[in-house]
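Remarks on the overall topology
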Amino acid sequence: MIRISNIHLPLDYTSETVLNKAAKLINVDKKFFKSCTIFRRSIDARKKDNIFFLATVDAELFVNEEKICKKFKNAEIAEKYEYTVEKFRGTVSPVVVGAGPAGLFAALILAQSGANPILIERGRDVDTRTEDVHNFWKNGILDTTSNVQFGEGGAGAFSDGKLTTGTKDTRQRKVLIEFVKHGAPDEILYNAKPHIGTDKLRPTVKSIRNEIIRLGGKVMFETKLIGFSAKDNSVTSAEIEHNGTKQTIDTNAIILAIGHSARDTFEMLNEKAIPIEAKAFSVGARIEHHREMIDKSQYGKFAGNKALGAASYKTNVHLENGRGVYTFCMCPGGKVVNASSEENRLCTNGMSEFARNEENSNAALLVGITPADYQSENPLAGMYFQRELEHKAFVAGGENFNAPVQRVCDFIENKASTKIGDVKPSVGPDFTPTDLNKCLPDFITNSMRQAIVQMDKKLHGFSYGDAVLTGVETRSSSPIRIMRNNNLQSISVAGLYPCGEGAGYAGGIISAAVDGIKCAEKIIENSISE
Ligand code: FAD
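Residues numbered from 1 in each chain as written. Predicted model: local features only at pLDDT ≥ 70, side-chain atom pairs only at ≥ 80, totals over all residues. Heavy atoms only, no water.

In the annotation of an unreviewed UniProt entry, the protein chain is listed under the name FAD-dependent oxidoreductase and assigned to Ruminococcus intestinalis.

**With respect to the overall build of the protein chain**
For clarity, the threshold we go by: Helix and strand labels come from DSSP, where a helix needs a run of H or I of at least four residues and a strand needs a run of E of at least two; each type is numbered from the N terminus. Every radius of gyration here is taken over C-alpha atoms, with the globule rule written as 2.2 Å times N^0.38, N being the number of residues. Per-residue accessibility, obtained with a 1.4 Å probe over protein chains only, is compared with the maximum for each type, and a residue is labelled buried under 20%, exposed over 50%, and partly exposed between these values. Two residues form a contact once any of their heavy atoms are found within 4.5 Å. A 1.4 Å probe and the Shrake-Rupley method give the accessible areas. Residues count as covered only by the protein chains that appear here. Here Asp and Glu are counted as negative and Lys and Arg as positive; His is not counted, and neither are the chain ends. For charged residues, the charge sits on one atom: NZ in Lys, CZ in Arg, CG in Asp, CD in Glu.
Secondary structure summary: the protein chain contains 12 helices and 23 strands in total. For a compact globule of 530 residues, the expected C-alpha radius of gyration is about 24 Å, and the protein chain comes in at 24 Å, within 12% of that figure. Oriented by its inertia axes, the alpha-carbon framework of the protein chain measures out at about 70 × 65 × 40 Å. When each of the 530 residues of the protein chain is scored for burial, the buried share is 56%. Counting contacts in the protein chain only where the partners sit at least 6 residues apart, residues at least 24 apart contribute 71% of the total. As displayed, the protein chain has an accessible area near 22,100 Å², and 47% of this comes from carbon and sulfur atoms. Across the protein chain, the centroid of the 66 positively charged side chains sits 5 Å from that of the 64 negatively charged ones.

**Some remarks on the side chain of Arg173**
Defined as follows: Salt bridge, as applied in this entry: a Lys or Arg side-chain nitrogen positioned within 4 Å of an Asp or Glu carboxyl oxygen.
Mapped onto the fold, Arg173 is located in helix α5 (residues 171–181). Despite being buried, Arg173 has no salt bridge partner; Asp58 is the closest side chain of opposite charge, sitting 6.3 Å away.

**Considerations on the sheet that holds strand β9 (residues 234–242)**
Condition: For two strands to be treated as a pair, DSSP must find no fewer than two bridges joining them. To define axes, lines are fitted to C-alpha atoms, for helices over the stretch in contact only, and angles between the resulting N-to-C directions are given on a 0 to 180 degree scale.
The strand order across the open sheet built from three strands is β8-β9-β10, with neighbouring strands paired in antiparallel fashion. In this open sheet, the two edge strands, each paired with only one partner strand, are β8 (223–231) and β10 (245–250). Neighbour-to-neighbour, the strand axes of the sheet open up by a mean angle of 25°, direction not taken into account. Note: β9 against β10, six bridges, orientation antiparallel. Following the sheet pairing, Ile240 is matched in β10 by Gln247.

**A short note on helix α6 (residues 197–214)**
The test is simple: Here the expected length of a helix is defined as 1.5 Å per residue gap, with one fewer gap than residues.
Spanning 18 residues, α6 covers 26 Å between terminal C-alpha atoms, matching the ideal 26 Å at 1.5 Å per step. Those residues of α6 lying buried are Gly197, Thr198, Leu201, Arg202, Thr204, Val205, Ile208, Arg209, Glu211 and Ile212. Gly216 lies just past α6 and shows a positive phi near 110°.

This is the structure in structure tokens:
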């Protein structure tokens, strides 16, 4: 198979166009092509009057492929991606804690290896959870067991389902292939910025769970890890609470794929003296604009073209005060969501359906902070800082989970908003126009203020006066790292595998899933050498 890169495709291309272009580029008649499929496709929008797709294709030829590759620099020999799972040789089931991307993929790989994993999840199954979350967004009644952070699918279940990642780890291909096998659209395999949408992600998650069970795994919902036992610094059992009853599961391996919101679990681990360190994270608010305006700003006259879909953006500035401010987790044609998981504390995030066709587009506008900003020896200090801001946001919103919002023009002029303009906040259950200074410290709001103005120079309309800021965005990443060694186990207790975003080893759906796979592989490897 050869991989041919740098193929320019018009927005209305067909499979015939792809074949013609690829054939032309390597000067081989198309009748000598056995197959020709897109491997990667990105949008080139550098010139607003000439937007096109830039593609790489995989082709099998009836002619000598090596000769072609020697002749054309755009072509190279490529291997088909394959992932193989070794057989698990252990005698006790590993326990995987958390059914987010990290835990689900860890459990899937363990199940594929024959390890019969036990996957426990404090929240509910994804269908019941969807009802719980919608009830919260409609009526403001929070269920602390089942919400945007907790439940099957983890934090990503109610998300844009962006599957982009900074990781170069080839296991990400395994993740995408499994997603497609379980119902995600094929295009995630080749789009440079793949996205699945909350509507397609949820059934995919359910199908992966059923596959884990089919392969011999056990999945327990409303089941929380509340402790563990160890002998000679090695795990011997997991302590769980299910339906109010405490139980013990004998095991020598526990994967802690608990996400960044498992604050009580962080406290339990800290009390048990599991080494944890504070790490840098970010804080800010969601910024929301008309989707049409962002599309025009990014795609000019091509805005609205169906092949392009809603436009995304990613921008950052480095301020004179030394702070970095950046946009994150952009949700084109999506909604701002109330992502709270604790009583009296409110936080936001963003979500889109696959179609990305809502009226607004939003992104987090975040300011990077380090442990030096909240000066404390306590490794959980960042988490307490998040809690403090979330409580202030809850109060600023009216103490009923209505989110505090502020128009960008008022925010820039540093005055409270009393009404909203033509961009209607999409957050539920409702919103309260106010002053975000009430819930974010000055060093954050001052940095955001400067950044919005500077970002407008890169993305026209970013500082549009009626755009809306919704607070507070505190859970973009974990405030801690649970320290682990090269065997991916806690540096103090063998058999305890800190994993995924909450443990500080991933940021986003794909990298969390990849980390889950890595931890599962280690458990399998250890079972073979035992
Ligand atoms: P999580 O997904 O947080 O999963 C952890 C799971 O562990 C949870 O289900 C929790 O209930 C469970 N748990 C915690 N403690 C215990 C315990 N003691 N016992 C049992 N179970 C426990 N990322 C992207 O890449 N793209 C996006 O578009 C995107 N959008 C997002 C939108 C929203 C609204 C949110 C909240 C996040 C979004 N993210 C997105 C981030 C992404 O969801 C996370 O990076 C990812 O889910 C982390 O995976 P994880 O498995 O490490 O942890």
